[in-house]
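# Breakdown of the fold
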Amino acid sequence: MTSRDFAVGGQLTEGLWAVRLPPRAFLSLACRATVPWGLMPHVNFWLTIIKREARMIRHDEITESMHEQPTLQTERLILRPFTLADAPDVQCLAGDRAIASTTGNIAHPYEDGMAEQWISGQAERFRNGEAVELAVTMRAEGCLIGAIGLHIHAEASRAELGYWIGKPYWGQGYATEAAQAVVQYGFEELGLNRICACHFGSNPASGRVMQKIGMAYEGCRRQHFCKWEVFEDCVDYAILRSEYESYREQPDGA
Ligand SMILES: CC(C)(COP(=O)(O)OP(=O)(O)OC[C@H]1O[C@@H](n2cnc3c(N)ncnc32)[C@H](O)[C@@H]1OP(=O)(O)O)[C@@H](O)C(=O)NCCC(=O)NCCS
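Each residue is numbered by its place in its chain's sequence as written, counting from 1. Totals for whole chains, interfaces and linings use all residues, but because this is a predicted model, local features are given only for residues with pLDDT of at least 70 and pairs of side-chain atoms are given and counted only at 80 or more.

### Quick look at the pairing of strand 4 (residues 144-153)
The condition that has to hold: Neighbour counting defines burial: a residue surrounded by 20 or more other C-beta atoms within 10 Å of its own C-beta is buried, one with 12 or fewer is exposed, and intermediate counts give partly exposed, using backbone-placed C-beta atoms. Secondary structure elements follow DSSP: runs of H or I of four or more residues count as helices, runs of E of two or more count as strands, with numbering from the N terminus. The rule for pairing is simple: two strands pair if DSSP sees at least two bridges between them.
In terms of residue burial, strand 4 counts as a mostly covered element, since eight of its ten residues are buried. In the sheet, strand 3 (residues 131-138) pairs with strand 4 via seven bridges, with the strands oriented antiparallel. Looking across to strand 4, one finds that V136 is bridged to G146. Between strand 3 and strand 4, which follow one another and run antiparallel, lie five residues, and G142 among them has a positive phi close to 80°. The pairing of strand 4 with strand 5 (residues 158-165) spans eight bridges and is antiparallel. Looking at the pairing, A147 lines up with W164 of strand 5. Count of turn residues in the strand 4/strand 5 antiparallel hairpin: four residues, of which S157 carries a positive phi of about 55°.

### Examining the site of the ligand
The condition is simple: Whether a residue is near a molecule or strand depends on its C-beta atom, generated from backbone atoms, being within 6 Å of that molecule or strand. All residues other than Ala, Val, Leu, Ile, Met, Phe, Trp, Tyr, Cys, Pro, Asp, Glu, Lys and Arg, Gly among them, are scored as polar; the first ten of these are nonpolar and the last four charged.
Around the ligand, a shell composed of 20 residues is seen, among which T102, A175, T176, A205 and R208 lie nearest. Ranked by residue count, the leading element in the shell around the ligand is helix 8 (residues 204-212), at five residues. In terms of residue class, the shell around the ligand is built from ten nonpolar, nine polar and one charged.

### A few points about the sheet that holds strand 4
Taken in spatial order, the eight strands of this open sheet run 1-2-3-4-5-6-8-7, and their pairing is mixed. Two strands close off the open sheet at either side, each with one partner strand: strand 1 (72-73) and strand 7 (216-227). Here strand 5 pairs with strand 6 (residues 194-200) via three bridges, running parallel. Paired with E160 across the bridge in strand 6 is C196.

### Let's talk about the nonpolar core
To be explicit about the condition: Buried Ala, Val, Leu, Ile, Met, Phe, Trp, Tyr and Cys residues whose C-beta atoms connect them within 7 Å together make up a nonpolar core. By the criterion used throughout, residues are in contact when their C-beta atoms, derived from the backbone, lie within 7 Å.
Grouped together as the largest cluster of nonpolar side chains are 51 residues, with contacts concentrated most on L79, V136, A178, A179 and V182. Looking at this core element by element, the count peaks at nine residues for helix 7 (residues 174-189). The residues touching A179, leaving out its near neighbours within four places in the chain, are I148, L161, Y163, V209 and I213.

### Regarding the environment of L240
As for its placement among the helices and strands, L240 is situated in strand 8 (residues 230-240). Looking at L240, the number of C-beta atoms within 10 Å reads 18, which means it is partly exposed. Here L240 is in contact with N193 and R194, once residues within four sequence places are set aside.

### A closer look at helix 3 (residues 87-94)
Let me state the cut-off plainly: Arc definition: directions from the helix axis to the C-beta atoms.
Looking at helix 3, one finds that the buried residues are V90, L93 and A94. Along the long axis of helix 3, the arc covered by the buried residues comes to 85°, so they all point the same way. The inward-facing, buried residues of helix 3 abut helix 4 (97-100), helix 5 (114-120), strand 4 and strand 5.

### A short note on unusual backbone geometry
Cis geometry marks the peptide bond from H108 to P109; its omega dihedral reads 0°. When you line up the elements, P109 lands in the loop between helix 4 and helix 5. Positive phi values are uncommon outside glycine, yet Q223 reaches one of about 50°. Along the chain, Q223 falls in strand 7. On the basis of neighbour counts, which here come to 12 C-beta atoms within 10 Å, the residue Q223 falls in the exposed class. The phi angle at E229 is positive, at roughly 70°, despite the residue not being glycine. E229 gets classed as exposed once you count the C-beta atoms within 10 Å, which come to 5.

Written as structure tokens, this is what we have:
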């Protein structure tokens, strides 16, 4: 990943001790080898409690780091929280059929009020630790060019990356630049362990973005999605924290 200047709000989260607990399978085997049969129900009870606690600790660590919506800065972009003033631009850009056609959750036509409704819910979704949704804006001109976000599953310490860039701005590396910054925020500020993304088979440009930010191909869910009466393959990519860390060490991030 190229070294960019990221000014990120929020607290740095150190590693999660909970995920370093011995895997349950190992504990279970160790107990079976050493614990008398009569005590096994008690051991299983405590294993269940430990597992649930570990999940809750992961959840709390991530949500505790989400007290202020971040603003991320890259070479050419500023990713910032949306405001209601962005709604007309969101409607104009996301209202393009080309944006809806390759996404699972953007309506077409993009009716009046939809952008306001979406933006109005963002602060609460962030506070609840469910999502980070950011406006992609040009650093020089300040204009809105797209949106990017993470949908978070805090208990599993993972998130799904999603993005769109307005059609006039395609092909200039903006999605890649924004996605790099959000992946960095997800691992370094939220302390996530895994970030995944998927694209329709008919949308190789998005797959290319996933490759360029260091995600690995994980498989294809054939005809998983039905978009406008057409069955679409969903192609899965993801990057793990450990992969991100070694990817970040490479001089050119390639
Ligand atoms: C997918 C999308 C976000 C890409 O945005 P972008 O800013 O143009 O992306 P980038 O410029 O960072 O990178 C695009 C890459 O795809 C490549 N690409 C473009 N069209 C392609 C095609 N038909 N086949 C293969 N690669 C293609 C580009 O060459 C570029 O790769 P490169 O840098 O190696 O040359 C944008 O097209 C979009 O918003 N589409 C509609 C919404 C959407 O699909 N969102 C993603 C849902 S998973």
